[in-house]
4 protein chains.
Amino acid sequence: MDRLKVYILGATGLVGQRYVQLLARHPWFEVVGLAASERSAGRRLGEVGWVLDEPPPPEVAEMRIEKLDVDKVPRVDFVFSALPSEVAARVEPELAARGYVILSNSSNMRMDPDVPLIIPEVNPDDLSLVERQREGRGWRGAVVKKPNCTTTILNLPLKPVLDEWGIERVHVVTMQALSGAGYSGVPSVAIADNLIPFIRGEEEKVVGETRKILKADFEIYVTTTRVNVVDGHTEVVYVDTRRDFDVTAVAEVLERFRGPPQELKLPTAPERPIEVRRQADRPQPRLDRMAGRGMAVVVGRIRRLASRKLSFIVLGHNTIRGAAGNSILTAELMAAQSR
Amino acid sequence: MDRLKVYILGATGLVGQRYVQLLARHPWFEVVGLAASERSAGRRLGEVGWVLDEPPPPEVAEMRIEKLDVDKVPRVDFVFSALPSEVAARVEPELAARGYVILSNSSNMRMDPDVPLIIPEVNPDDLSLVERQREGRGWRGAVVKKPNCTTTILNLPLKPVLDEWGIERVHVVTMQALSGAGYSGVPSVAIADNLIPFIRGEEEKVVGETRKILKADFEIYVTTTRVNVVDGHTEVVYVDTRRDFDVTAVAEVLERFRGPPQELKLPTAPERPIEVRRQADRPQPRLDRMAGRGMAVVVGRIRRLASRKLSFIVLGHNTIRGAAGNSILTAELMAAQSR
Amino acid sequence: MDRLKVYILGATGLVGQRYVQLLARHPWFEVVGLAASERSAGRRLGEVGWVLDEPPPPEVAEMRIEKLDVDKVPRVDFVFSALPSEVAARVEPELAARGYVILSNSSNMRMDPDVPLIIPEVNPDDLSLVERQREGRGWRGAVVKKPNCTTTILNLPLKPVLDEWGIERVHVVTMQALSGAGYSGVPSVAIADNLIPFIRGEEEKVVGETRKILKADFEIYVTTTRVNVVDGHTEVVYVDTRRDFDVTAVAEVLERFRGPPQELKLPTAPERPIEVRRQADRPQPRLDRMAGRGMAVVVGRIRRLASRKLSFIVLGHNTIRGAAGNSILTAELMAAQSR
Amino acid sequence: MDRLKVYILGATGLVGQRYVQLLARHPWFEVVGLAASERSAGRRLGEVGWVLDEPPPPEVAEMRIEKLDVDKVPRVDFVFSALPSEVAARVEPELAARGYVILSNSSNMRMDPDVPLIIPEVNPDDLSLVERQREGRGWRGAVVKKPNCTTTILNLPLKPVLDEWGIERVHVVTMQALSGAGYSGVPSVAIADNLIPFIRGEEEKVVGETRKILKADFEIYVTTTRVNVVDGHTEVVYVDTRRDFDVTAVAEVLERFRGPPQELKLPTAPERPIEVRRQADRPQPRLDRMAGRGMAVVVGRIRRLASRKLSFIVLGHNTIRGAAGNSILTAELMAAQSR
């Protein structure tokens, strides 16, 4: 089978580099080009400053970065976009109008009712919004969004809990990784021996996006903080359920949870989207963030604090499952469905 | 006025060193001796390995550490104890029986109904339990406890909120400092680029102690975690109040909160036990933990998330207000009351 | 006595804030104004983002930041400049021509033969270059530079060793703090669980400046690296001396070292510019950087590795002794000499 | 081919776990048993507290840990020992006398003249000392040591430099990782926002072992420090060579360096034992420690500071190439040679 052609916008940032890493040697997708801002244009990816722990695959390190120009994007099956929101807001609609299918990380348009905001195991059916989007906007292509990283990691375990026991109320406190702010987002002198109890705009996103994805109207209260961890968002979650539960059943339901990516054995799908740890002191970012090659979230400390009062901690890799990996999985699902 | 004589048990640990630091040049108290385990006995404090940022005061660095022996504690007005709980459980009752008044940091006996568990601004009247303790146990001395550090930092802002608006339900998630586990408590390889979402025994203490201190029966749910910060516990708090409030009023009530330590102008009392920060990204451990010389807690991000739904973040220095400083303030209150 | 009037250029950066902190309540100097780039102009210093551990003194927090404009600098006795080098290169000569005496942190002009590059205990006599500077350039004012922070910390112990035993060759490896790169200089994701073995331009500065300051022609080899420490540069130094020594004598000579700041009891002078630690594992940045209120350097691990082969480790606070504090001390020396 | 049987002593520590990880699915070796101290005996490896980033291979996680007992070690081809030195000093000779061939990490016996101290690419011929050891001690088995981790990382690049240009004098300053001190070796409060400029016994080991391995009598001066990095020792090296060189030639000689492991294509051998980075700011621990799956060292910043004055920085993974990996590679070499 010929591989599908894909193009990466914003390939030099932290999420862009994850796209490059995850798409290198992808069985279905072939990266045919990369674009970034003028500053990096013309250089090879390997010269720009690779910041992931593993070096870039040699064949990609040699690729030359193009200047982002909507007129020069080649014909491809999917465009992966890791552009800053303000750039994305201008570029993505133009590309969609010209027929490109864009899997986008940026927050613009996420809450538009005709824009799919997809976690492939949680709300795959929302991909059908693409039809409505094309009709309403007169586009030949489409824009499909991934949620905020914190939203994605939270909604994976909330979904099976919601389906099984119902949810009345959720309190969340997050401890988020540095990479979530981008390469230059958090100065080292600001976070050394410290934490920062605020992330601009983040809490509103998690609240709004969770309601859109789960189509549920429970109360949800969110506080987001930044801690001195490179990768991996940790979220402490209290859930008031509608029906009572026992802890063993919750662990089992979470572990059994599957979606179309597992059924279709998509290349980037983790075997289990939710892994459960029984040790008292897990999940931990450094030990658990690479579960399922960064595509599984890890749940631990499942507790029944009172009747219908559930608590757990969920951790996920913010730039893999929370960003590039989730979009690639979505593209795989779209490709599989369109065969 | 002659200074009151005090003695420190467990002087070589992290909290013991804070006692030494805070009592050096204290206007009312004079350290007449130090005891620690056999391992350190006979050495000078300055030789044992000082771990606080400021060097030990020279006059104290020269003091020779004695081996802990209940028969050899000199006659003093107060004994400050930073012993491990299992040692304290044996030593403190013996000393109390012999007439010593012990201000103790360890968790044994905290929940005994005849043991005062004191935050001087919050429940000073509980010092009257000493009488009951002496009668019931036939002691001439007494054991007075300080709460768990996380409890103390939490209860300072909860008290005025309880008094003003009532409390139905509290959800807490903490991000606690390394020093709370003692000098060797958290190996560096365990916490580098990581956090640990569990502290053994901590959550139960915060729940039980809060109910004892505030004498209130609201629901309280607590999750405690460890982050890579040297000093300063951060706590994210959601409070369901009985009556509605507005954010400005909460800030004012917290800032106006005072107790006997302020009225009596006790030497270790901060001018304001609760400081409120208006900047969106505060409190932060490194920037705020020394507020009020480590004796004030700092509250920020006061939000009204819904009717009767309050949220804020409180930070306090865990080994000063959360430990040694709180006990010294309690001793000052006892000294002032007995004049 | 009326206090001398001083003005701060570049008051919002890390070094600028140190100037503000160290000059608040200074017995000789009164800050009459602050200037920074257009971005901060018009705001109060307390609103700009204070990043030091101690909060800004309230009287300074209220000061309004002016836009940097050479025409609007008031008549003052000293201007302290923490401007970026490229701005300083333009502004400082203009101000000096107009009669201002500028104590400058930036690296431009440091190697000009008519510019004093001063560590007040090491080469105070070089202040006489001001006369030559004024004559040669036709300035009424003057530009006086402080060395690179690493240079200053290195030269304090090298000076007495040079005077006592002579120096043939020096090998240096540094482990430098994050604050040396400025507030945004090192992204947290770049340094977490990492170190960066290169600091652009630093090694050349240390070599060239050391030769200028010590007026000696020994070989000197320098490697500078960045480690995950907020404040405090650590430098491992090997010195091939001309004459043999013993370790005790080196310790004594370093401890006895004094200069005009100590003789004149200048307000910012540490009692001893060099403190020696005998413990095997010192100096350490967190424990020793505030020695002498950040104005002393701390030397440890003095070893005689072979005949005429000396090794030691020196640590100093890079933004106090290495920057703002050194310039203030220089201004104090100039003020004392001109009385 | 049947796999050779191997046994691991001290399997629960940081290096022991690396042995387990690197030997899982090894093409030549099969782990038939694990032993550790009494504390862990009887438990499964997966229950003991796995501390590496990747989870233990499931088949190994199920293995039951045996109590260390020289009478109960099964017949195996190689015993890998990660025991503490004081235990090793007692156990290893007993096992060697009984016929076991032990690849040992601990420092005892390293300097004995009849004990091979092997870096397989550097001094493979020293394996012939085994004959002398057997004769002299009357052992049927043997003890083969790996050097101190810092020594190994240093000697890999020194060897080709010595062979090509000769060495007169070496100055080294190291910045070593936390894992080198073992799991509990460095408390987090000791190293946060800090470094520790001393590692007990380390410098003497590097000096003595380097002379033994390279059989050269150049001067060598070493200072070892600990920095806040999980894995990966960084070493800044100044070499006074006997003959002059140019930088390009040094890079080429290092990159071309090979030994028997590469010629024999041993399973654990990296393709190139020394990788050279040309970027100015490399090597960096987090980005480079996994080069050659942790078995290559990475050299950067090759500079010619003066005639015959070479400087470079070398980085290696201290628990892979510096410990378990080096011993496994040595066993592979012994196995290949005995076929």
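All figures in this text were calculated on a predicted structure; none of them were measured in a lab.

Undergrad: When you look at the overall build of chain A in this model, what are you seeing that I'm missing?
TA: Secondary structure summary: chain A contains eleven helices and twelve strands in total. Computed over its C-alpha atoms, the radius of gyration of chain A comes to 19 Å, within 12% of the 20 Å expected for a compact globule of 339 residues. Projected onto its principal axes, the C-alpha coordinates of chain A cover approximately 60 × 50 × 35 Å. When each of the 339 residues of chain A is scored for burial, the buried share is 66%. For chain A, the proportion of contacts with a sequence separation of at least 24, taken over those separated by at least 6, is 76%. When the accessible area of chain A is evaluated, it comes to approximately 11,900 Å², of which 47% is carbon and sulfur surface. Of the side chains in chain A, 47 bear a positive and 45 a negative charge, and the two mean positions are spaced by 1 Å.

Undergrad: How do you make sense of the packing of aromatic side chains when you look at a structure like this?
TA: How two aromatic rings sit relative to each other is set out by the distance from centre to centre and by the angle between their planes. All names here are of chain D. Inspection of the entire model under this criterion finds 16 aromatic pairs over all chains. Judged by centre distance (5.7 Å) and plane angle (65°), the rings of Phe29 and Phe78 are edge-to-face. Taken together, the positions of Phe29 in strand 2 (residues 29–36) and Phe78 in strand 4 (residues 78–81) put the pair 49 residues apart, joining distant regions of the chain. Exposure class is identical for Phe29 and Phe78. Each is buried.

Undergrad: Sorry, what's going on with the UniProt feature "active site" (unreviewed entry) in chain A here?
TA: Residues and elements named next belong to chain A. Those places that UniProt annotates as "active site" (unreviewed entry) correspond, in this numbering, to Cys149 and His233. Maximum C-alpha separation among the annotated residues is 8.3 Å over a sequence range of 85 residues, consistent with a single clustered spot. With respect to the element layout, Cys149 can be found in helix 5 (residues 149–165). The residues touching Cys149, leaving out its near neighbours within four places in the chain, are Glu202, His233, Asn318 and Gly322. In this structure the side chain of His233 is engaged in a polar contact, spanning 3.3 Å, whose partner is the side chain of Gln176.

Undergrad: Please explain the interface of chain D and chain A as it appears in this structure.
TA: Accessible area lost when the parts come together is the quantity often used to give the size of an interface. Taken together, the contacts link eight residues of chain D with eight residues of chain A. Contact between chain D and chain A buries roughly 780 Å² in total, counting both sides, with carbon and sulfur atoms accounting for 42%. Taken as a group, Asp53, Arg286 and Leu287 of chain D account for 58% of the area that chain D buries against chain A, more than any other trio of residues on that side. On inspection of chain D and its partner chain A, the count reaches zero salt bridges. Taken together, the connections running from chain D to chain A amount to zero residue pairs in polar contact (both at pLDDT 80 or more). In terms of residue class, the side of chain D that touches chain A is made up of five nonpolar, no polar and three charged.

Undergrad: Before we go on, may I ask you to explain the relation of the copies chain D and chain A in this structure?
TA: One copy of the chain maps onto the other through a rotation about an axis followed by a shift along the same axis. With an axial shift of 0.0 Å and an RMSD of 0.0 Å, the rotation relating chain D to chain A amounts to 180°. Taken together, the rotation and translation describe the operation of a two-fold axis. Distance from the rotation axis, computed per C-alpha, reaches its smallest value in chain D at Asp193 of chain D: 3.2 Å. Interface overlap between copies: 100% of the residues of chain D at the interface are likewise at the interface in chain A, consistent with a symmetric, same-surface contact.

Undergrad: So what exactly am I meant to see when it comes to the side chain of Glu203 of chain D here?
TA: In this structure, Glu203 of chain D sits in helix 7 (residues 202–214). The exposure class of Glu203 of chain D is buried, given its relative accessible area of 7%. For Glu203 of chain D, the side chain forms a polar contact with the side chain of Arg303 of chain C, separated by 2.8 Å. With sequence-adjacent residues up to four places away left out, Glu203 of chain D is seen in contact with Arg301 and Arg303 of chain C together with Val222, Thr223 and Thr224 of chain D.

Undergrad: Got a minute to help me understand the relation of the copies chain B and chain A in this structure?
TA: Note on the copies: chain B fits chain A at an RMSD of 0.0 Å, the axial shift is 0.0 Å, and the rotation between them is 180°. Looking at chain B, 100% of its interface residues are interface residues in chain A too, so the copies touch through the same face.

Undergrad: Just checking my understanding: could you explain the interface of chain B and chain A for this structure?
TA: Each partner contributes to the interface: chain B provides 43 residues, whereas chain A provides 43 residues. Taking both partners together, chain B and chain A bury about 3,400 Å²; carbon and sulfur atoms supply 58% of that area. Counting the contacts that link chain B with chain A gives six salt bridges. With a shortest N-O distance of 2.8 Å, Asp193 of chain B and Arg289 of chain A are connected by a salt bridge. Of all elements in the fold, only strand 7 (167–176), helix 6 (188–191), strand 8 (219–226), strand 9 (233–241), helix 10 (285–288), strand 11 (297–306) and strand 12 (309–316) of chain B reach the threshold of two or more residues within the side of chain B that touches chain A. Residues belonging to the side of chain B that touches chain A are distributed by class as follows: 23 nonpolar, nine polar and eleven charged.

About the criteria used
- Residues numbered from 1 in each chain as written.
- Chains lettered and ligands numbered in written order.
- Predicted model: local features only at pLDDT ≥ 70, side-chain atom pairs only at ≥ 80, totals over all residues.
- Heavy atoms only, no water.
- Helix = DSSP H or I, 4+ residues; strand = E, 2+ residues; numbered from the N terminus.
- Rg over C-alpha atoms; globule rule 2.2 N^0.38 Å.
- Buried < 20%, exposed > 50% of the residue type's maximum accessible area, 1.4 Å probe, protein only.
- Contact = heavy atoms within 4.5 Å.
- Areas by Shrake-Rupley, 256 points an atom, 1.4 Å probe, with all protein chains shown as cover.
- Lys, Arg positive; Asp, Glu negative; His and termini not counted.
- Charge placed at Lys NZ, Arg CZ, Asp CG, Glu CD.
- Phe/Tyr/Trp six-rings, centres within 6.5 Å; stacked < 30°, edge-to-face > 60°.
- UniProt positions renumbered as here; feature names shortened; annotations may be inferred.
- Polar contact = N/O pair within 3.5 Å; in protein donor to acceptor, adjacent residues only side chain to side chain.
- Buried area = accessible area lost by both parts, 1.4 Å probe.
- Salt bridge = Lys/Arg side-chain N within 4 Å of Asp/Glu carboxyl O.
- Nonpolar A, V, L, I, M, F, W, Y, C, P; charged D, E, K, R; others polar.
- Least-squares fit on C-alpha atoms with pLDDT ≥ 70 in both.

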